[in-house]
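# Observations on the model geometry
Read off the chains here:
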Amino acid sequence: MSVRLSPTAAIMRHGVLLITAAVVLVPFVWMVSLSLKPPGEIFRQHFSFLPEQWYAVQNYSKALTSAPLPRYMGNGVLVCAAILTLQILICAPCAYALAKLRFRGRDLIFGFVLIGLLLPHQVLSLPLFVLGYELGILNTYAALIFPFVVSPFGIFLFRQVFKTIPDDVVHAARLDGLSELGIVWKVMVPMALPAVIAFSIFSVVGHWNDLFWPLIAVRSESLMPPPLGIIAFANEQAGNDYGPLMAAATIVVLPLVVAFLAAQKWFVEGMTGGAVK
Amino acid sequence: MLACALAGPAVLLLFSLFFVPVIAVFVISLTDWQFGAPTFAFVGIANFREVLADEGFRASLLNTIVYVLIVVPGTVILGLAIAVLIESGRSLRALYRALHFLPFMATIAAMAIAWEALLHPTIGLVNQTFLAMGLPTANWLRDEVTALPVLAIIGIWQNLGFAMVLFLAGLKSIPRDLYDAAEIDGADRWLDRLCTVTLPMLNPVSMFVVIVVALRAFEAFDTIKVLTQGGPGHASDVLLYTLYRESFEYLRTGYGASVAVIFLAIVVALTLIQARAMDKRVHYQ
């Protein structure tokens with residue numbers, strides 16, 4: 001589009017975009033605002049963003065102590081880190097084989113990857129639940145992790161990027177005496193770093209935010225990742241203690257929002273590339 | 001041999017975590033197996049008959065369609081409008097993009113709790129604002145007329161930033177010289193250029209965005225689980241929530257598997273349409 005706008009048009013552009021952005025931000029603002037207020041002000045019938053009496057310390061400390069919120073956050077970090085590590089460890093060698101080696105069944109395997117891409121994970125939840133039951137790992141960290149250790153999208157993305165790396169690089173690495181696994185970790189992955197980062201963001205955001213599978217896989221509060229934990233917290237509060245609840249919601253949302261604002265470009269790339277598949 | 005060692009673990013896991021489960025879903029949907037039962041018998045399409053005859057399922061399917069029909073146009077039109085506005089000037093592009101994209105990556109389960117507070121019948125900002133403006137208020141999430149549309153509006157709020165960045169990418173790929181050519185041909189006003197160049201050139205991208213957003217809308221679950229649990233009655237029941245409730249709360253295994261198969265059929269159909277749209281886009285350029 002053109003970038004030569006008349007002054008009036010430019011003002012209109014900012015006017016409309018500021019309004020839509022403000023509307024989009026309302027739930028965030030309301031959440032933070034309530035998390036700063038004492039109960040008396042929350043249940044008052046008129047609105048002000050800032051509290052008359054600051055109650056942030058009480059709300060946030062209650063959120064952090066009355067529910068095992070630090071535990072939920074820790075669980076989220078642990079589960080996301082384990083999933084991402086395993087995904088990269090398992091997907092990158094496979095992607096390398098698909099991109100750079102010739103072997104029988106290669107196209108067949110790639111076909112399987114494409115079919116895997118097509119399957120929405122929720123459809124698989126019932127058999128995976130049965131599998132977890134048979135393995136005796138339901139209601140453990142392993143239950144939260146195992147369905148996601150291989151990512152068809154990861155294999156697909158890495159294969160596409162590895163294919164763009166010239167064969168000469170691979171030959172040179174072989175001449176230097178690198179093993180095939182050495183080529184994967186010392187040559188391919190470093191050269192494909194932007195794709196690896198984009199995939200990492202896609203994976204971490206997806207699993208940090210996931211509610212569906214944790215709801216099925218774990219029952220113990222001590223194992224809950226943040227989205228499940230915050231729901232448990234909301235149910236315990238029975239909806240009358242909004243301050244700490246909003247403080248808890250803010251704490252759950254905060255890490256990704258901060259990371260996003262710090263590395264916007266990477267996030268947009270990772271999230272759209274991933275969600276588009 | 002070498003390739004086997006490299007690809008083996010991934011292939012093995014793809015099989016046990018994707019292919020065996022998806023085949024298992026089909027098989028379970030054709031049996032009377034219940035979770036925990038030692039035996040089962042094939043019952044043909046009895047489960048599907050039961051599902052399709054169930055008023056609750058029909059309500060859920062219809063709700064899902066209504067939800068998608070609200071979310072898709074709302075998200076696509078708003079996402080397109082915001083993308084065009086952002087791209088039409090130079091200043092503050094990154095800021096506007098970031099602000100509109102925020103809901104797409106924020107934890108939706110936590111944001112649903114914020115929405116619940118916004119929509120609270122007495123202390124919620126929505127009702128307070130409506131009251132001040134003399135508009136009718138409601139108990140939005142407990143009213144069977146408003147529950148589903150309100151959830152759909154939250155769906156639009158969540159996804160419009162996603163549609164926006166897809167459109168922004170589409171806008172960037174429009175060749176500059178088309179605008180110059182349009183200008184020579186007399187399309188020198190912003191609106192003219194929008195109608196003669198921008199929108200027609202975005203057509204293939206739009207098709208693609210529609211499908212991707214529709215897929216996301218079909219997979220709506222978190223807000224329903226947190227805010228309404230499908231209620232009141234079946235007023236905001238959607239496919240994925242039905243799938244979850246029947247499979248894991250009521251433990252109706254065969255019923256749940258049948259819903260999963262129906263859900264998969266819809267998603268696969270949409271994805272195949274998307275693949276065709278992508279093909280067209282490639283040919284177009």
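In this text the structure is predicted, and so the values were computed from the model without any measurement. Once a new chain begins, its residue numbering starts again from 1 and follows that chain's sequence as written. By the order in which they are written, chains take letters starting at A while ligands take numbers starting at 1. Thresholds applied to this predicted model are a pLDDT of at least 70 for local features of residues and 80 or more for the giving and counting of side-chain atom pairs; totals over whole chains, interfaces and linings are not thresholded and use all residues.

### Some points on the overall build of chain A
The cut-off we apply is this: Strands are runs of DSSP state E lasting at least 2 residues, helices are runs of H or I lasting at least 4, and numbering of each runs from the N terminus. Our radius of gyration looks at C-alpha atoms and nothing else; its globule reference is 2.2 Å times the residue count to the power 0.38.
Each helix and strand in chain A was counted, giving 15 helices and zero strands. Taking 19 Å as the expected radius of gyration for a compact globule of 277 residues, we find that chain A reaches 24 Å, considerably beyond that expectation. If you line up chain A on its principal axes, its C-alpha atoms span 70 × 65 × 35 Å.

### Some points on the overall build of chain B
Operational definition: For the exposure call, what matters is how many other C-beta atoms sit within 10 Å of a residue's own: 20 or more marks it buried, 12 or fewer exposed, and in between partly exposed, using C-beta atoms placed from the backbone. Whether two residues are in contact depends on their C-beta atoms, placed from the backbone: they are in contact if these lie within 7 Å.
In terms of helices and strands, chain B carries 12 helices and zero strands. Moving toward the C terminus, one meets the helices and strands of chain B in the order α-α-α-α-α-α-α-α-α-α-α-α. Summarising its shape, the C-alpha atoms of chain B cover approximately 75 × 70 × 35 Å along the three principal directions. A total of 285 residues make up chain B; the buried ones form 47% of that total. Across chain B, every contact between residues at least 6 apart in sequence was considered, and the portion connecting residues at least 24 apart equals 70%.

### Structural notes on the UniProt feature "transmembrane region" (unreviewed entry) in chain A
Residue and element names in this part refer to chain A. Short version of the rule: UniProt positions are given in the numbering used here, feature names are shortened, and annotations may be inferred rather than shown by experiment.
Here, the residues flagged by UniProt with the feature "transmembrane region" (unreviewed entry) are residues 12-32, 72-96, 108-129, 141-162, 183-205 and 242-263. Regarding residues 141-162, the helix share stands at 73% and the strand share at 0%, and the terminal C-alpha atoms are separated by 32 Å. In the segment residues 183-205, helix accounts for 96% and strand for 0%; the C-alpha atoms at its two ends are 29 Å apart.

### Considerations on the domain arrangement of chain A
All names here are of chain A. For the record, the criterion: Note that domain bounds follow an automatic or database assignment of domains. Residue type decides the class: Asp, Glu, Lys and Arg count as charged, Ala, Val, Leu, Ile, Met, Phe, Trp, Tyr, Cys and Pro as nonpolar, and the leftover types, Gly among them, as polar.
On domain assignment, one finds that chain A holds domain 1 (7-64) and domain 2 (66-276). Once you take the C-alpha centre of each, domain 1 and domain 2 turn out to be 32 Å apart. At the interface, 14 residues of domain 1 touch 13 residues of domain 2. With five residues, the single largest contributor to the side of domain 1 that touches domain 2 is helix α3 (residues 56-66). Its residues assigned to classes, the side of domain 1 that touches domain 2 shows 10 nonpolar, two polar and two charged.

### Focus on the interface of chain B and chain A
Of the residues lining the interface, 78 residues belong to chain B; the matching set on chain A comes to 77 residues. The biggest single contributor to the side of chain B that touches chain A is helix α1 (residues 2-29) of chain B, with 16 residues. Residue classes in the side of chain B that touches chain A are distributed as 62 nonpolar, 10 polar and six charged.

### Let's talk about the UniProt feature "transmembrane region" (unreviewed entry) in chain B
Residues and elements named next belong to chain B. According to UniProt, the feature "transmembrane region" (unreviewed entry) maps to residues 65-86, 98-118, 147-169, 199-218 and 254-273 in the numbering used here. End C-alpha to end C-alpha, residues 199-218 measures 26 Å, and it is 100% helix and 0% strand. Summarising residues 254-273: 100% helix, 0% strand, and an end-to-end C-alpha distance of 29 Å.

### Thoughts on the nonpolar core
All names here are of chain A. Basically, it comes down to this: The term nonpolar core refers to a group of buried residues, namely Ala, Val, Leu, Ile, Met, Phe, Trp, Tyr and Cys, whose C-beta atoms join them within 7 Å.
One finds C94, A248 and A249 to be the most contacted residues of the largest nonpolar core, which totals 179 residues. Taken domain by domain, this core gets at least three of its residues from each of domain 1 (7-64) and domain 2 (66-276). Those residues in contact with A248 that sit more than four places away from it in its chain are A63, A67, L69, I230 and F233.

### Some remarks on the confidence of the model for chain B
What counts here: The predictor reports its confidence for every residue as pLDDT, a score running from 0 up to 100.
Here chain B averages 87 in pLDDT, while 96% of its residues score no lower than 70. Both scores are given for the predicted complex: the pTM is 0.90, the ipTM 0.89.

### A closer look at the environment of P214 of chain A
All names here are of chain A. Within the secondary structure, P214 is located in helix α12 (residues 212-217). Judged by C-beta crowding, with 23 C-beta atoms within 10 Å, P214 ranks as buried. In this structure the C-alpha to C-alpha distance between P214 and L89, which are 125 residues apart in sequence, comes to 23 Å.

### So, helix α10 (residues 180-191) of chain A
Counted only if it meets this: An expected span of 1.5 Å times one less than the residue number is assigned to each helix.
For α10 of chain A, with 12 residues, the first-to-last C-alpha span of 15 Å sits near the 16 Å given by 1.5 Å per residue. Of the surrounding elements, those touching the buried residues of α10 of chain A are α4 (69-100), α8 (152-164), α9 (167-175) and α11 (193-209) of chain A.

### What about the environment of A63 of chain A?
Residues and elements named next belong to chain A. Mapped onto the secondary structure, A63 falls in helix α3. Between the C-alpha atom of A63 and that of L193, which follows or precedes it by 130 residues, the distance is 38 Å. Setting aside residues up to four positions removed in sequence, A63 forms contacts with L69, P244, A247, A248 and I251.

### Examining the packing of helix α1 (residues 7-35) of chain A against helix α4 (residues 93-105) of chain B
To keep things clear, this is the line we draw: What counts as an axis is a line fitted to C-alpha atoms, over the stretch in contact for a helix, and the angles between N-to-C directions run from 0 to 180 degrees. Here roughly perpendicular refers to angles of 65 to 115 degrees, roughly parallel to angles under 35, roughly antiparallel to angles over 145, and oblique to all remaining angles. For any pair of crossing helices, the crossing counts as left-handed if the nearer helix is rotated counterclockwise from the farther one by less than a right angle, and right-handed if it is rotated clockwise.
Two elements in contact, α1 of chain A and α4 of chain B, have axes whose closest approach is 9 Å; the angle formed by their N-to-C orientations is 30°. The orientation of α1 of chain A relative to α4 of chain B falls into the category roughly parallel. Between α1 of chain A and α4 of chain B lies a crossing whose hand is left-handed. Contacts between α1 of chain A and α4 of chain B involve L17, T20, A21, V24 and L25 of chain A on the former and, on the latter, Y96, L99, H100, L102 and P103 of chain B.

### Here we look at unusual backbone geometry
Residue and element names in this part refer to chain B. Positioned with a positive phi, L92 is a non-glycine residue whose angle comes to about 60°. Its place among the elements puts L92 in the loop between α3 (55-87) and α4. A count of 16 C-beta atoms within 10 Å places L92 in the partly exposed class. Phi is positive for Q229, close to 50°, though the residue is something other than glycine. Relative to the assigned elements, Q229 resides in the loop between α10 (222-227) and α11 (239-249).

### With respect to the environment of A169 of chain B
Residue and element names in this part refer to chain B. Following the sequence through the fold, A169 ends up in helix α7 (residues 147-172). By the C-beta count within 10 Å, which is 15 here, A169 ends up partly exposed. Separated by 36 residues in sequence, A169 and V205 place their C-alpha atoms 9.2 Å apart.

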